[in-house]
Amino acid sequence: MATCLDFERQIKSIQDDIDMASMRGDTAAKEILQKDLEKELKKVYGNMSDYQKLQLARHPDRPYALDYIELLLKDAYEICGDRHFRDDKAIVCMIGRIDEQPVLVIGEEKGRGTKNKITRNFGMPNPEGYRKALKAAKLAEKFKLPILMLVDTAGAYPGIGAEERGQSEAIAKNLQEFAALRTPTISVVIGEGGSGGALAIAVADRLAMMQYSIFSVISPEGCAAILWNDPAKIESATKAMKITPDELKKAQLIDDIIPEPLSGAHRNREGAAQAIKQYFLSSLESIQSDKDYLQKRYEKIMRYGAFSESGIR
């Protein structure tokens, strides 16, 4: 593991001991240390604060959209450009097969390494990125391909050029069009779901979140700066905003939570990819078996934010 968070130091220490035992060929010590590692993982990840979950969602070793696409998609073919302005690298669109199921995958990609991060605009799409996603989704609708969307962005890019080219209109158009797509749609928040930048590819028949992901209308830093004029109050903001999967499931804003491997997606990419694949295939089977899935999608969207005297309906 290249990066170790503060609360993961003991885990890293045990893992280093395991690596040393492996180098020595000490099988007995390795078995004992593996049991210690499992206990420590359960202890640490079973008692995390909301702020620690936020840190995991942003972990630099956490798999991004292209990592999952590489692990899941066979015979991948990329769709580029929005037919209006340019190709936005912050959003990737790939047609391929998951197992033997043809599918379109739309993902927000943050990029690794300075050069790639700049190319991908740190995963913050411009309006042409959302228009590219919509163009690809319409193609999938035409050929009756289900769509898997991988959400991972701090938010839509707030630059002057993006606003001049209609950032808010592009996001609103996606919300409208994705709500009415005549093909099954499944969206998964794999890391950071930030505001409208995430919503633009999150309107779907099923909206799920990875166990250590977040979904919020504003970053906790931004919330702390606005409410307390102090970005350092990020921990208080994270707790108050209720942006973790458990809280959002209680509020009926997401459909499901996808469990991650015990060691987290940032240490076990293959295990996390398999969890997404199983969720996608089982959800797709359920959606396709329901002739009224379009009506149910509409009803679900219309229930968002509904309250009764006793609380959320």
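Residues numbered from 1 in each chain as written. Predicted model: local features only at pLDDT ≥ 70, side-chain atom pairs only at ≥ 80, totals over all residues. Heavy atoms only, no water.

### Things to note about the overall build of the chain
Quick reminder of the rule: Segments assigned H or I by DSSP are reported as helices when at least four residues long, segments assigned E as strands when at least two residues long, and all are numbered from the N terminus. In this treatment the radius of gyration is a C-alpha quantity, and the globule benchmark scales as 2.2 Å times the residue count to the 0.38 power. Residue burial is assigned from relative accessible area. The probe radius is 1.4 Å, only protein chains are included, and a residue is buried under 20% of its type maximum, exposed over 50%, and partly exposed in between. Between two residues, a contact is recorded if the distance between any of their heavy atoms is within 4.5 Å.
Scanning the chain from N- to C-terminus turns up 14 helices and 10 strands. A globule of 313 residues ought to have a C-alpha radius of gyration of about 20 Å, and the chain, at 20 Å, matches this closely. In terms of overall dimensions, the chain has C-alpha extents of about 60 × 50 × 45 Å along its principal axes. Counting across all 313 residues of the chain, residues that qualify as buried make up 49%. In the chain, the share of contacts with a sequence separation of at least 24, taken over all contacts with a separation of at least 6, comes to 72%.

### Looking at the packing of helix H6 (residues 127-142) against helix H8 (residues 167-179)
The following threshold applies: The axes used here are C-alpha line fits, helices contributing only the stretch in contact, and every angle between their N-to-C directions lies in the interval 0 to 180 degrees. Roughly parallel means an angle under 35 degrees; roughly antiparallel, over 145; roughly perpendicular, 65 to 115; everything else is oblique. It is the rotation of the near helix from the far one that decides the hand of a crossing: anticlockwise by less than a right angle makes it left-handed, clockwise makes it right-handed. Asp, Glu, Lys and Arg are counted as charged, while Ala, Val, Leu, Ile, Met, Phe, Trp, Tyr, Cys and Pro are counted as nonpolar; the rest, among them Gly, fall into the polar class.
At their nearest, the axes of H6 and H8 sit 8 Å apart, and the two run at 20° to each other. Between H6 and H8, the angle is such that the two are roughly parallel. Of the two elements, H6 crosses H8, and the hand of that crossing is left-handed. Facing Pro-127, Tyr-130, Arg-131, Ala-133, Leu-134, Ala-137 and Lys-138 of H6, the residues of H8 in contact are Gln-167, Glu-169, Ala-170, Ile-171, Lys-173, Asn-174, Glu-177 and Phe-178. Looking at the contact of H6 with H8, its residues break down into 8 nonpolar, 2 polar and 5 charged.

### Topic: the packing of aromatic side chains
Operational definition: The rule is short: rings of Phe, Tyr and Trp, with Trp giving its six-membered ring, pair when the centres are within 6.5 Å, and they are stacked under 30 degrees, edge-to-face over 60, tilted in between. A ring is scored as having a charge over it whenever the NZ atom of a lysine or the CZ atom of an arginine sits within 6 Å of its centre and within 35 degrees of its normal.
Throughout the structure, instances matching the rule amount to 1 aromatic pair. Pairing Tyr-45 with Tyr-212 gives two aromatic rings, centres 5.7 Å apart and planes at 40°, and the pair type is tilted. Here the residue Tyr-45 occupies a position in helix H2 (residues 27-45), and Tyr-212 occupies one in the loop between strand E6 (206-210) and strand E7 (214-216), the gap between them amounting to 167 residues. When sorted by exposure, Tyr-45 lands in the same class as Tyr-212, which is buried. Cation over ring: Arg-112 sits above Tyr-64, and NZ or CZ is 4.0 Å from the ring centre.

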